[in-house]
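# Fold and geometry: a report
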Amino acid sequence: MKTNKIPEYYIGKKYKYEARKIIEDYELNYNVGTAVSYLLRSDRKHESPIQDIRKAINHLHFELDKIIEQNK
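Residues numbered from 1 in each chain as written. Predicted model: local features only at pLDDT ≥ 70, side-chain atom pairs only at ≥ 80, totals over all residues. Heavy atoms only, no water.

Moving on: the overall build of the protein. Scanning the protein from N- to C-terminus turns up three helices and zero strands. Order of helices (α) and strands (β) in the protein, N terminus to C terminus: α-α-α. For 72 residues, the compact-globule estimate of 2.2 N^0.38 gives 11 Å, and the C-alpha radius of gyration of the protein, at 14 Å, exceeds that figure by more than 25%. Once the C-alpha set of the protein is aligned to its principal axes, its extents read approximately 45 × 30 × 25 Å. Considering the protein as a whole, with its 72 residues, one finds that 22% of them fall into the buried category. Of the contacts formed within the protein by residues at least 6 apart in sequence, a portion of 40% connects residues at least 24 apart. (Helix = DSSP H or I, 4+ residues; strand = E, 2+ residues; numbered from the N terminus. Rg over C-alpha atoms; globule rule 2.2 N^0.38 Å. Buried < 20%, exposed > 50% of the residue type's maximum accessible area, 1.4 Å probe, protein only. Contact = heavy atoms within 4.5 Å.)

With that settled, the discussion passes to helix α2 (residues 30–41). The terminal C-alpha atoms of α2, which comprises twelve residues, lie 17 Å apart, in line with the 16 Å expected from a rise of 1.5 Å per residue. Within α2, burial applies to N31, G33, T34, A35, S37, Y38 and R41. Buried residues along α2 sit against α1 (19–25) and α3 (50–70). Where α2 begins, one side-chain oxygen reaches toward the backbone nitrogen of N31, 3.3 Å away; that side chain belongs to N29. (Expected span 1.5 Å × (residues − 1). Polar contact = N/O pair within 3.5 Å; in protein donor to acceptor, adjacent residues only side chain to side chain.)

A word on the pattern of salt bridges. Two side chains bearing opposite charge may form a pair once their charged atoms approach each other closely. The full count for this structure, using the stated rule, is five salt bridges. The shortest N-O distance in the salt bridge between R41 and D52 comes to 2.9 Å. You can see R41 sitting in helix α2 and its partner D52 sitting in helix α3, a full eleven residues away along the chain. As far as the burial class goes, R41 and D52 line up, both buried. Each of E18, R20 and K21 takes part in salt bridges that share partners, so that together they form one network. (Salt bridge = Lys/Arg side-chain N within 4 Å of Asp/Glu carboxyl O.)

Inspection of every chain in the model, using the stated rule, returns two aromatic pairs. Taking the centre distance of 4.8 Å and the plane angle of 50° together, the rings of Y9 and Y10 count as tilted. Residue Y9 is classed as partly exposed on the basis of its relative accessible area of 23%. On the basis of relative accessible area, Y10 is assigned to the partly exposed category, the value being 23%. Ring centres 5.7 Å apart and planes at 25° place the aromatic pair Y15 and Y17 in the stacked group. The same class applies to Y15 and to Y17, which are both exposed. (Phe/Tyr/Trp six-rings, centres within 6.5 Å; stacked < 30°, edge-to-face > 60°.)

See the structure below:
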């Protein structure tokens, strides 16, 4: 079986938790989990966190839209 290399920006520095395992443990859905993932890596993948924070906000808006539509 092939082992996938997890990029360092998805692994916490202090406790070495992987973003995907945190998302799985909290049983987050796609949009919220993706937003959390973008936020966790935002200061680590690119020079500036702006791009990842914007992506996280977009996914949170998607989730809000879904919730609002379900509650109509």
